[in-house]
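Structural characterization, general
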Amino acid sequence: MFVQVCLYFYCKCLWRCLKFVVRKLTGQCELQRICYNTKPGAARTMKIEASLKGSKSKRLQTSVSVHPDAIEKTIDDIMELKRINPDINPQLGVSLQACLLQIVGYRNLIAEVEKLRREPYDSENPKHEEMLLKLWKCLKPSSPLKARISKQWCEIGFQGDDPKTDFRGMGLLGLYNLVYFAEWDTEIAQQVLCDSLQPKYSYSFAIVGINITDLAYNLLVSGALKTHFYNVAPEAPTLTHFQQTFCYLMHEFHKFWIEEDPLDIMEFNRVREKFHKRILKQLQNPEMALCPHFAASESLINM
């Protein structure tokens, strides 16, 4: 243990000495070298984030968690601390601002998603009930719901006659994602639902949607989705970006399920875990942007 601690501090000191030497040789600090030598996107933003977090300066360490309104002042503070003349290096401030907007935005997105996940479905809340009924109308427009408490809910993949009990794990986040998928990718969502009802591919559409919400949530909180969001969101990633990512994951999982050709629903956990590993592997590529295949995510292509 003592040797490991000594080795850690030795490597840390060696790295700082190396950074000092490189700065003297190039005349540029690490932040400058990253911005000038790495193209915009996840590769640049993740390096900037690591550099700021690993700095010995508390001001730089805390710059990744400032309020979005304080980002411009934070950039000025960084330039002053690093003794960089903004008039001589105007593009550096622009590049750092873009990176900080993404970094701070990702942290805020986690907080927003977590808030939705923690809010339970309330059947006494008219807004919650309105969203649930919208889900039905989007998925089954030609089949009116006969009653709020009804076995009909099983037709779109809920477990019983009242869907509210199925949202316990993911709270309102699960409902938000399902409604977004059904409303903005209606044709694809209806096709996925139709396929899920076929005996050969049978699975519960809504329950799987809540499960894929859990997968997307864990990818977000673990930081794995930084690669995707930093490549597709030019500034701060938003809840809409997260919901579009859910649509992508839902569609891709459906195709993956069919490719795997499981014997029955009992193989769900195995297939889900295999799919999870596949997505994680894709996100390890710093140039990766999860490829959209449907209407709700077409806007991402041109961002």
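One can find the structure itself at the top, above this paragraph.
We now turn to the structure provided with this report. (Residues numbered from 1 in each chain as written. Predicted model: local features only at pLDDT ≥ 70, side-chain atom pairs only at ≥ 80, totals over all residues. Heavy atoms only, no water.)

**Some points on the packing of aromatic side chains**
Where we set the bar: Between 30 and 60 degrees the pair is tilted, below 30 it is stacked and above 60 it is edge-to-face, where a pair is any two Phe, Tyr or Trp rings, Trp via its six-membered ring, whose centres lie within 6.5 Å. Buried residues are those whose accessible area, probed at 1.4 Å on protein chains only, stays under 20% of the maximum for their type, while exposed residues exceed 50% and partly exposed ones sit between those limits. Runs of E in the DSSP output that reach at least two residues are strands. Runs of H or I that reach at least four are helices, and both are numbered from the N terminus.
Considering all chains together, one arrives at 15 aromatic pairs under this definition. Considering the side-chain rings of Trp153 and Phe158, the 5.9 Å spacing of their centres and the 85 degrees angle between planes classify their relative orientation as edge-to-face. One exposure class covers both Trp153 and Phe158, and it is buried. Between Phe253 and Trp257, the aromatic rings sit 6.1 Å apart at their centres with planes inclined by 40 degrees, giving tilted as the arrangement. Within this pair, Phe253 and its partner Trp257 are both found in helix 12 (residues 239-260), separated by four residues, close to a single helical turn. There is no split in this pair, since Phe253 and Trp257 are both buried. An aromatic cluster is present here, built from Tyr203, Phe253, Phe256, Trp257, Phe268 and Phe275 joined pairwise through their rings.

**Considering the environment of Arg59**
Definition in use: Pairs of residues are marked as contacts when any of their non-hydrogen atoms sit within 4.5 Å.
Assignment of secondary structure puts Arg59 in helix 4 (residues 58-61). Its relative accessible area of 45% is what places Arg59 among the partly exposed residues. Each C-alpha atom of the pair Arg59 and Ile78 lies 8.0 Å from the other, and the pair is 19 residues apart in sequence. In this view, Arg59 contacts Asp77 and Leu81; residues no more than four positions away in its chain are not counted.

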